[in-house]
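These are the residues of each chain, in order.
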Amino acid sequence: MIHTNLIDGEWLGSQDIVENINPSDTREVVGLYTRATTRQTEAAIAAAAAAFPAWSRSGVLQRHSILKKTADELLARKDELGALLAREEGKTLPEAIAETVRAAQVFDFFAGEALRLVGQVLPSVRPNIGIEITREPLGPIGVITPWNFPMAIPAWKIAPALCHGNTVVFKPAELVPGSAWALVDILHRAGLPNGVLNLVMGQGSVVGQAMLNSDALVGITFTGSTGTGNRVALASLEHHRKIQLEMGGKNPMVVLDDADLDIAVEACVSSAFFSTGQRCTAASRLIVTDGIHDRFVGALIARLDVLNVDHALKPGSHIGPVVDAQQLASNLNYIDIGKQQGARLAFGGDCLNRGTPGFYLQPTLFTEASNAMRICREEIFGPVAAVIRVRDYDEALAVANDTPFGLSSGIVTTSLKHASDFKRNAQAGMVMVNLSTAGVDFHVPFGGRKASSYGPREQGQYAAEFYTTVKTAYTSA
Ligand code: ADP
């Protein structure tokens, strides 16, 4: 079967067909997927624009029921869709199933939200005049997503877009068309009218660029690299387009002398290495005070030593492969840079041979790193972390905040005073106390500061900020 693009309710092919390769076993083709052309992308945008007037006025029960049906099917097929996700992206099967469940929860949440859309009625400062403040759908929206959460990120963008009455042109990352196609197929069969959701798989430079060039897309929600995010921002300025950008991270995890050692090790292992470190919320700077430093590093290395890096579908695998050859080469290059700049390689650093040909990399830990090194300033997006030794809490906070990014920030401590101070002063959109920097809930705002994010927060009720536009109506009675 060749998977095609959904444009105005029809599945349309093109001459350009690519293989979706399994990073755990590069001999395996997960499926064949069609890349949309520029013209097809323009047709998808035109379809979303044509479908907008009717969908923006659709009944909320219709929206509720489509979103609910989608949630139910995702949940019912979580094992099968999780396996597809694990095969194309490389995260372990339990991680991939959990992501599919998360996508179902997101659709379930926004199915509920569709029945809870509210506005405000209030008196004017002038007598006998009433005011209504309402949220209206924004219009046709472009959704551009990365490869690291092929199901959850599309879900948390498409679900609120549809809930709030917008139409969508969805461009998934090239490496992971399988989950995107499956999600769109479910939504289409759940009863979306033609043109309300369009799928255009393909290259950023072709499909993505055609979206950036369009006058008809009045909003673009993007998750990916800072470089591409800046491109989206600049292109959107010309079109007076609303944007929501989620970009990189270089998240700190502070470990203080008074930390529970087991909690510190688990929080750091989970933050830095699970999902192969390929999360924008991953912690890659472990900032550790002197008094616990050596015990912490010893315990962390002992824990890394018993983690299995192997095929994503193999029972007992803790860490799957890196997503592709290019990402692996980039990770190895950063490991070299770390060594050259004088950090001590304390664990890992090498590729691994497993039973199947895949992009396997050891979890890699540097110690004696300084926050000025490139491995501590630039997002690596792989299973690589560096320990930075500091004197005390004040220095830890300063180092944590000394970064161009500001997505997530964690601390492990038993001190109420330091935890409270960190929550107040960490320069990040999300703060975690005695928890992994990754692993967020679906019903609360997600997003960051500085170079990590631009525009309104995603998820939960805060999603309305991006997916609607506010109207203030005055009536003289
Ligand atoms: P990542 O390295 O996480 O894949 P990218 O920023 O390269 O981050 O990709 C994120 C998304 O942006 C992908 O869907 C990609 O195809 C898309 N993209 C890449 N280049 C462009 C572009 N010039 N215009 C629009 N989208 C693009």
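Now for a description of the structure that goes with this document. On a predicted model such as this, the values are computed, not experimentally measured, just so you know.

About the criteria used
- Residue positions are given per chain, counting from 1 as you read along its sequence in written order.
- Residue-level local features of this predicted model are given only where pLDDT is at least 70; pairs of side-chain atoms are given and counted only at 80 or more, and the full residue set underlies all totals for whole chains, interfaces and linings.
- Derived side-chain values reflect all non-hydrogen atoms in the structure, with water molecules and hydrogen atoms excluded from consideration.
- Each residue's exposure class comes from its accessible area (1.4 Å probe, protein chains only) as a fraction of the maximum for that residue type: buried when under 20%, exposed when over 50%, partly exposed otherwise.
- Working definition: helices are DSSP H or I runs of at least four residues, strands are E runs of at least two. Numbering for both runs from the N terminus.
- One requirement defines pairing of two strands: DSSP has to find at least two bridges between them.
- Note on definitions: angles span 0 to 180 degrees between N-to-C directions of axes, and those axes are lines fitted to C-alpha atoms, for helices only across the stretch in contact.
- Contacts were defined at the residue level, with two residues in contact if any of their heavy atoms lie within 4.5 Å.
- When we say a residue is near a molecule or strand, we mean one of its heavy atoms is within 4 Å of it.
- Two N or O atoms count as a polar contact when they lie within 3.5 Å, although within protein this holds only if one can serve as hydrogen donor and the other as acceptor, and sequence-adjacent residues are included solely when both atoms are side-chain atoms.
- Calculation of accessible area relied on Shrake-Rupley with a 1.4 Å probe; when residues are assessed, cover is drawn exclusively from the protein chains displayed.
- Ten residues, namely Ala, Val, Leu, Ile, Met, Phe, Trp, Tyr, Cys and Pro, are considered nonpolar, four, namely Asp, Glu, Lys and Arg, are considered charged, and the remaining ones, Gly among them, are considered polar.

## A closer look at the pairing of strand 17 (residues 384–390)
Buried residues dominate strand 17, accounting for six of its seven residues. As defined by bridge partners, strand 14 (residues 283–289) adjoins strand 17 across five bridges and the pair is classed as parallel. Directly across from T289, in strand 17, lies its bridge partner V390. Here three bridges tie strand 16 (residues 364–367) to strand 17, and the two strands are oriented parallel to one another. In the strand pairing of strand 17, L365 is matched with A385.

## Some points on the sheet that holds strand 7 (residues 129–137)
If you trace the three strands from one edge of the open sheet to the other, you get 6-7-23, paired in antiparallel fashion. Of all the strands in the sheet, the pair left with one neighbour each is strand 6 (120–123) and strand 23 (468–476). On average, each strand axis in the sheet is tilted by 20 degrees relative to the strand beside it, whichever way the strands run. Relative to strand 7, strand 6 runs antiparallel, the two being bridged by four bridges.

## Some details on unusual backbone geometry
Unusually for a residue other than glycine, E368 sits at a positive phi of about 50 degrees. On the basis of relative accessible area, E368 is assigned to the partly exposed category, the value being 37%.

## Some details on the sheet that holds strand 9 (residues 167–171)
Reading across from one edge, 10-9-8-11-12-22 is the order of the six strands in this open sheet, with mixed pairing throughout. With one partner strand each, in any of the chains shown, strand 10 (197–199) and strand 22 (453–454) form the two edges of the open sheet. Against the sheet, helix 1 (residues 38–56) makes contact with strand 8 (140–144), strand 9 and strand 10, and its axis sits at roughly 155 degrees relative to strand 9, the strand it touches most.

## A short note on the site of the ligand
For the ligand, the set of nearby residues contains 17 residues, the closest of which are T145, K171, S225, T228 and R231. Separating a nitrogen atom of the ligand from a side-chain N or O atom of R231 is a distance of 3.1 Å. For the ligand, whose unbound accessible area comes to 550 Å², protein coverage reaches 79%. It is helix 7 (residues 204–212) that contributes the most residues to the shell around the ligand, four residues altogether. In terms of residue class, the shell around the ligand is made up of seven nonpolar, eight polar and two charged.

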